[in-house]
Amino acid sequence: MSTSTRHTRNRGASPAAEVLPRPPFGDFGAISSHARVVIHITNTRRRVRMKRHRFRAVTAAAVTLAAVAMFGSAGQVVAEPPTAAAAADFYLPPHPLPAGNSGDLIRSEPFRPVGGSPLAALVPAASATRIMYLSSDTVGAPVAVTGTILEPTAAWSGSGPRPLVSYTYGTIGAGDNCAPSKLIADGITTDGAGTPMPNLYILDVVSLLARGITVVVTDYEGLGTPGAHTYLQPVPEAHAVLDATRAAIRFGASTPHAPVGIWGYSQGGSAAGGAAQLARSYAPDLNLAGTVVGAPPANVASTLSNVDGKALTDVIGFFLNGLLASHPEFTEAVTTMLNSDGIDFLHRTATECDVNALLHAYQPTSSLTVSGRPIIDELQTHPAIRAVLDSFNLGTPAPADPVLLAQNINDDVTPAADTYALENAWRGAGADVTVAHLDTPPLLPQLGAAGHGAGLLLDDPTAVQWLIARFNH
């Protein structure tokens, strides 16, 4: 429970009378690696050449088992809804949506963390609330988004009021059961294929709660709620992040003038970076102290080309489904460039979470197109689609508040060169940017995920220390 004065809590609207169906077409989950590393913060730009490798599909099964073993039980939390059906109905927005402003609560319900899990025994318990709130999509139309508010029992030992961090999850999938709020509530969910999906990002959330920091986590547009997830699209992701922060304040979990931080890695880095860029214009009411942008897909086409044929090839399907949801005018162009296997790929990835994606690893997308060229190359031959792809890149406008950019120079998912190009773009426009180089040696680059996963582990202490310094500034 926060030590600050609490506001009256809004209770939700009635359950939906009508729900729009999910369209037929629907990070990058991190794989942990233990390595001896040196973390140093510097403003020196580094470049690294990213090599591409392939590995046999059996490696994906080994990676999957490792991920489930390492994360499956650690963050297990279960909800306490009256019935399973009631919990499912929570994610169905009312139709039409209620009138209101971005960040207004539509509904909320508490759930109870399981005190018997190994993780819960190590950290202070937190009160937890599932929320649905108003946000806006790519074109500014209202949309319902869900998320989670976690309030620590640990005291905040810093100066001033207890801070609030909007934590942005990295890639966990495109299906509704991949939603962070469901992973936080259940620990492990199953995707459309019935494959288990563990909560890979719970340790970052726990690090904040253990230090007395309130946390809000958005599910992003289309995860949990009807419609496709707008994956790696910084504008709707930024809106969801900033409006989740507003919703937490309006719920009463934080005060309006408390310092706010944003932190995310991989896809979460993209969302955090987008939120940092838009915060001053979209949410000037927030007291943003700083943003941590970890391993962001700063250049979307570059990142997706880099993962093609590696462990995380299926995220290209996540992206395509989101692209067709936000830009349905491209449906014919995209579907006609795909062969029958490509159409199957589009359908399968629409309801998939990360673990199932790993089970389909190492298939190059050149095998999914009519021309035999990679999907991203095909998209870039279409001028209108290429322009939209370029609009998904981070860089403008520059953040108005301080930013920490964190990157492993041997990241095998998000190219380090793209992150350093983003650093230069933001600095050139006058932004206050610090860079944390999370350096490791190359870690099984043939997997196409281990270096990225190592960066996630190393990002935690660096990010938390930097955010606390910002809150005490």
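Heads up: the structure comes first, above all this text.
Every value quoted in this text rests on a predicted model; they were computed, and no experiment measured them.

A. Local environment of the state of the cysteines. Following the criterion strictly, the structure yields one disulfide and no others. Sulfur-sulfur distance for the disulfide between C178 and C353 comes to 2.0 Å. Taking the sign of the torsion about the S-S bond as the criterion, the disulfide between C178 and C353, at about -105°, is left-handed. Within this pair, whereas C178 is found in the loop between β5 (164-168) and α4 (180-186), its partner C353 is found in the loop between α11 (340-349) and α12 (354-359), the two being separated by 175 residues in sequence. Among the residues examined, C178 registers a relative accessible area of 0% and is labelled buried. According to the relative accessible area criterion, C353 is buried, its value standing at 0%.

B. Here's a closer look at the nonpolar core. In this structure, L242 and W426 are the most contacted members of the largest nonpolar core, which totals 46 residues. Look past the residues within four positions of L242 in its chain and what remains in contact with it is I262, A275, L278, A279, Y282, A283 and L286.

C. Spatial organisation of the packing of aromatic side chains. By the definition in use, this model includes seven aromatic pairs. Taking 5.6 Å as the distance between ring centres and 80° as the angle between the ring planes, the aromatic pair formed by Y167 and Y169 counts as edge-to-face. The class for Y167 is buried, based on a relative accessible area of 0%. Aromatic side chains Y169 and Y201 sit 5.3 Å apart centroid to centroid with 50° between the ring planes, which places their arrangement in the tilted category. Highlighted residues: Y169 in the loop between β5 and α4 and Y201 in the loop between β7 (196-198) and α5 (202-209), separated in sequence by 32 residues. For the pair Y169 and Y201, a shared accessibility class is recorded, and that class is buried. Grouped by ring-pair contacts, the aromatic residues Y167, Y169, Y201 and W263 constitute a single cluster.

Conventions used here
- Residues numbered from 1 in each chain as written.
- Predicted model: local features only at pLDDT ≥ 70, side-chain atom pairs only at ≥ 80, totals over all residues.
- Heavy atoms only, no water.
- Disulfide = S-S within 2.5 Å.
- Helix = DSSP H or I, 4+ residues; strand = E, 2+ residues; numbered from the N terminus.
- Buried < 20%, exposed > 50% of the residue type's maximum accessible area, 1.4 Å probe, protein only.
- Core = buried A, V, L, I, M, F, W, Y, C linked by side-chain atoms within 4.5 Å.
- Contact = heavy atoms within 4.5 Å.
- Phe/Tyr/Trp six-rings, centres within 6.5 Å; stacked < 30°, edge-to-face > 60°.

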